[in-house]
Amino acid sequence: MPPPADIVKVAIEWPGAYPKLMEIDQKKPLSAIIKEVCDGWSLANHEYFALQHADSSNFYITEKNRNEIKNGTILRLTTSPAQNAQQLHERIQSSSMDAKLEALKDLASLSRDVTFAQEFINLDGISLLTQMVESGTERYQKLQKIMKPCFGDMLSFTLTAFVELMDHGIVSWDTFSVAFIKKIASFVNKSAMDISILQRSLAILESMVLNSHDLYQKVAQEITIGQLIPHLQGTDQEIQTYTIAVINALFLKAPDERRQVGVESSVDILDCPLTEMANILAQKQLRSIILTHVIRAQRAINNEMAHQLYVLQVLTFNLLEDRMMTKMDPQDQAQRDIIFELRRIAFDAESEPNNSSGSMEKRKSMYTRDYKKLGFINHVNPAMDFTQTPPGMLALDNMLYFAKHHQDAYIRIVLENSSREDKHECPFGRSSIELTKMLCEILKVGELPSETCNDFHPMFFTHDRSFEEFFCICIQLLNKTWKEMRATSEDFNKVMQVVKEQVMRALTTKPSSLDQFKCKLQNLSYTEILKIRQSERMNQEDFQSRPILELKEKIQPEILELIKQQRLNRLVEGTCFRKLNSRRRQVPVADIKAVVTGKDCPHMKEKGALKQNKEVLELAFSILYDSNCQLNFIAPDKHEYCIWTDGLNALLGKDMMSELTRNDLDTLLSMEIKLRLLDLENIQIPDAPPPIPKEPSNYDFVYDCN
């Protein structure tokens with residue numbers, strides 16, 4: 001008979017004693033269970049004790065999380081969170097350097113637990129830590145030169161504990177003094193600083209800016225771009241990531257008037273406060289540093305770095321939002337002069353009468369004719385074409401940039417289309433307006449960055465005016481596609497849909513430069529797009545018909561067995577894993593009970609010093625075997641992780657659920673079905689079998705073989 005659901009069998013440790021096997025009744029109060037455990041070891045004052053996980057996480061068991069205890073869990077009897085917090089609060093104020101250092105190390109570890117954190121904060125522990133940081137552990141500054149490693153470790157543990165305690169969201173960020181901010185900023189501004197201290201200081205500054213408007217202003221006054229650039233030029237990717245995160249946070253919280261500083265100004269960005277973000281993000285120096293030392297220098301960019309680069313990319317493009325949402329004023333002469341400049345560049349200044357010899361009517365007629373050739377919808381007053389937002393004045397900015405910086409291509413497109421029949425011309429003005437709007441949608445101009453996206457494009461970090469150059473490439477693509485489609489004015493929307501598909505497909509390849517992006521587009525002609533669409537349509541539509549689905553069901557077990565055998569063969573070959581401990585163990589396959597992955601792994605339950613390493617978490621798995629033991633692994637890469645988790649699950653008779661298995665199954669299944677359908681090419685497969693005809697009235701037509 002199975003045990004009741006409320007009974008959990010666990011092992012409980014106590015230093016200096018043999019572990020006890022116990023059955024915990026989850027219906028009982030936790031205090032009663034702790035008293036029962038203490039009584040078993042003849043320990044008085046059970047209220048001074050608590051239970052915690054015996055794994056590397058050391059998290060306390062509370063009434064809120066006690067239901068997470070599973071059969072076979074190993075727990076430890078220890079001092080209660082309140083007692084522990086009180087003892088550490090006293091120990092970190094010790095006059096002994098060694099005792100103080102050990103206490104801060106313990107505090108940094110325990111602060112990950114929200115139960116302990118609450119108790120320590122109740123003792124005004126945050127204030128104590130900030131005072132220690134503000135004073136620079138004043139009493140020990142004189143000893144810093146002769147005891148530098150010890151001092152560095154002490155400060156590192158102090159900042160780590162502070163970060164962990166603040167991550168729980170119990171204390172408001174608005175409570176910190178200017179002296180504390182200046183001290184943290186000084187750690188970032190120093191040219192030579194311990195990596196762990198620098199990392200935690202950058203993390204603190206980022207959190208301050210994101211969580212408090214007042215602190216944003218104070219932090220922005222303490223940090224300049226010149227002080228952050230050396231951290232980007234280093235080789236530590238974590239430091240680079242946190243540095244970009246600080247820049248992103250400051251820009252994200254900057255008031256609108258500070259974001260919209262003129263990007264053409266010749267400000268010295270080394271001395272520029274980070275409040276003048278538009279100047280900074282538009283400068284070639286910062287982008288080239290990020291491109292050279294971050295994007296190209298790193299062999300592999302981790303997810304957090306990719307996310308911060310994506311955020312920086314979005315924030316940079318959001319500088320365009322003001323122009324995108326600004327309507328053109330038809331009465332504004334300066335804005336009308338831009339349109340006139342487009343006309344002058346296209347049709348030559350000599351054609352413009354500079355005297356009053358021509359009549360006003362003749363001039364208007366000439367202007368109307370030229371504006372029609374330029375492809376504006378409103379030939380009389382083209383300024384009206386720019387009153388819609390988005391794209392507003394941004395479209396006109398792009399057109400002028402194209403006309404000035406790619407003048408030959410601009411003149412060729414305008415004259416080429418003006419010489420065609422009206423219905424076959426590709427209207428440059430209308431196309432530019434719609435294209436600008438489309439590019440803003442693709443790049444999500446004006447939208448806040450997503451918290452989960454890491455889709456950044458290296459090519460946008462390679463040019464001072466990357467959006468304008470992006471437009472120039474795409475407007476030439478639009479004209480080329482228009483000709484390939486032999487489009488008329490009625491096909492305008494169809495052409496825009498094809499161009500959007502071409503741009504999106506080229507972006508998915510993550511070109512490293514704008515020239516590479518242009519080459520990708522050259523290979524995505526209209527004919528190629530049609531082929532891709534046809535291929536995808538076959539995969540999506542024909543393969544969803546009932547006969548094909550039935551064929552899939554019949555073939556799938558064979559394919560899965562093939563994948564299973566491949567996985568098992570790879571397990572036999574073996575793989576080199578990182579060594580996690582010094583013990584060597586051999587486990588018979590028959591003793592394997594289960595395979596767990598990610599956060600469920602025993603060696604992954606410990607939270608990282610700042611943020612849990614997502615990269616490692618995605619590669620971790622553990623084999624659970626006899627007597628509640630486990631073998632812990634971290635795969636060298638995602639492919640090996642999938643191979644081993646699939647193979648082990650196959651050994652246990654469980655489904656192979658990895659992404660690699662899904663991809664292999666889809667690929668092999670698709671290939672097998674296509675091979676089997678080769679003889680039926682160009683034959684329409686019906687969705688249902690043909691109906692069975694009625695029986696004939698007689699069978700006289702049957703041939704008698706005898």
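Scroll up to find the structure this text is about.
How each quantity is defined
Residues numbered from 1 in each chain as written. Predicted model: local features only at pLDDT ≥ 70, side-chain atom pairs only at ≥ 80, totals over all residues. Heavy atoms only, no water. Helix = DSSP H or I, 4+ residues; strand = E, 2+ residues; numbered from the N terminus. Contact = heavy atoms within 4.5 Å. Areas by Shrake-Rupley, 256 points an atom, 1.4 Å probe, with all protein chains shown as cover. Phe/Tyr/Trp six-rings, centres within 6.5 Å; stacked < 30°, edge-to-face > 60°. Buried < 20%, exposed > 50% of the residue type's maximum accessible area, 1.4 Å probe, protein only. Lys NZ or Arg CZ within 6 Å of the ring centre and 35° of its normal. Expected span 1.5 Å × (residues − 1). Pairing = 2+ DSSP bridges. Axes fitted to C-alpha atoms, helices over the stretch in contact; angles between N-to-C directions. Core = buried A, V, L, I, M, F, W, Y, C linked by side-chain atoms within 4.5 Å. Salt bridge = Lys/Arg side-chain N within 4 Å of Asp/Glu carboxyl O.

Moving on to the overall build of the chain. Across its full length, the chain carries 29 helices and seven strands. Excluding contacts between residues fewer than 6 apart, the proportion of contacts in the chain whose partners are at least 24 apart in sequence is 70%. In the form shown here, the chain has an accessible surface area of approximately 38,000 Å², with 50% of it arising from carbon and sulfur atoms.

Let's shift gears to the packing of aromatic side chains. In this structure the tally under the stated criterion is 25 aromatic pairs. Both rings, one in F162 and one in F176, keep their centres 5.3 Å apart while their planes meet at 65°; by these two values the pair is edge-to-face. Taken together, the residues span a long stretch of sequence, with F162 in helix α6 (residues 148–167) and F176 in the loop between α6 and α7 (178–189) at a distance of 14 residues. Ring geometry for F621 and Y641: centres 6.2 Å apart, planes at 65°, overall edge-to-face. Note that F621 is positioned in strand β6 (residues 620–625) and Y641 in helix α28 (residues 638–651), a separation of 20 residues in sequence. Each of the two residues, F621 as well as Y641, counts as buried. Within the aromatic cluster, the residues linked to one another by ring pairs are F317, F460, F467, F470 and F517. Cation over ring: K20 sits above W41, and NZ or CZ is 4.8 Å from the ring centre. Over the ring of F492 we find R430; its NZ or CZ atom is 3.8 Å from the centre of that ring.

The next point concerns helix α23 (residues 492–508). Under the 1.5 Å per step criterion, the end-to-end length of α23 is 25 Å for 17 residues, consistent within 8% with the ideal 24 Å. Three or more residues of α23 are buried, namely F492, V495, M496, V498, V499, E501, Q502, V503, A506 and L507. After α23 finishes, the residue K510 shows a positive phi value of roughly 55°.

The strands making up a sheet associate through backbone hydrogen bonding, with each pair oriented either parallel or antiparallel. Ordered in space as β5-β6-β7, the three strands form an open sheet in which the pairing is antiparallel. Strand pairing shows two members of the sheet lacking a second neighbour, β5 (594–597) and β7 (629–634), which therefore form its edges. Here the average twist between neighbouring strands, direction ignored, is 20°. Of the strand pairs in this sheet, β6 and β7 are connected by six bridges, and their pairing is antiparallel. Residue pairing across strands places L624 opposite Q630, the latter belonging to β7. Running over the sheet, α28 touches β5 and β6 and is turned about 25° from β6.

The residue Q52 is located in strand β3 (residues 49–53) in this model. Contact partners of Q52, with chain neighbours within four places excluded, come to N58, F59, Y60, I61, L75, R76 and T78.

Moving on: the nonpolar core. I92, L107, L129, F162, M208, I290 and L309 are the most contacted members of the largest nonpolar core, which totals 82 residues. When sequence neighbours within four positions are dropped, the list of residues in contact with M208 reads W173, F180, I181, L215, Y216 and V219. Grouped together as the second largest cluster of nonpolar side chains are 67 residues, M324, Y401, M459 and F470 included.

Below, the discussion takes up the pattern of salt bridges. For the coordinates displayed, the defined rule picks out 21 salt bridges. Between K483 and E416 there is a salt bridge, with the nearest N and O atoms lying 3.2 Å from each other. On the criterion of sequence distance, the pair formed by K483 in helix α22 (residues 466–484) and E416 in helix α20 (residues 407–418) is long-range, its members being 67 residues apart. Given the relative accessible area of 37%, K483 is considered partly exposed. Several salt bridges share partner residues, and in doing so they unite R343, R369 and D370 into one network.

This part is about the pairing of β6. Within a regular strand, side chains alternate between the sheet's two faces. Among the six residues that make up β6, five are buried, leaving the element largely enclosed by the rest of the structure. The sheet contact formed by β5 and β6 spans four bridges and is antiparallel. When the sheet's bridge partners are listed, A594 is paired in β6 with L624. With antiparallel pairing between neighbouring strands as the criterion, β6 and β7 make up a hairpin whose turn holds three residues, including S627 at a positive phi of roughly 60°.

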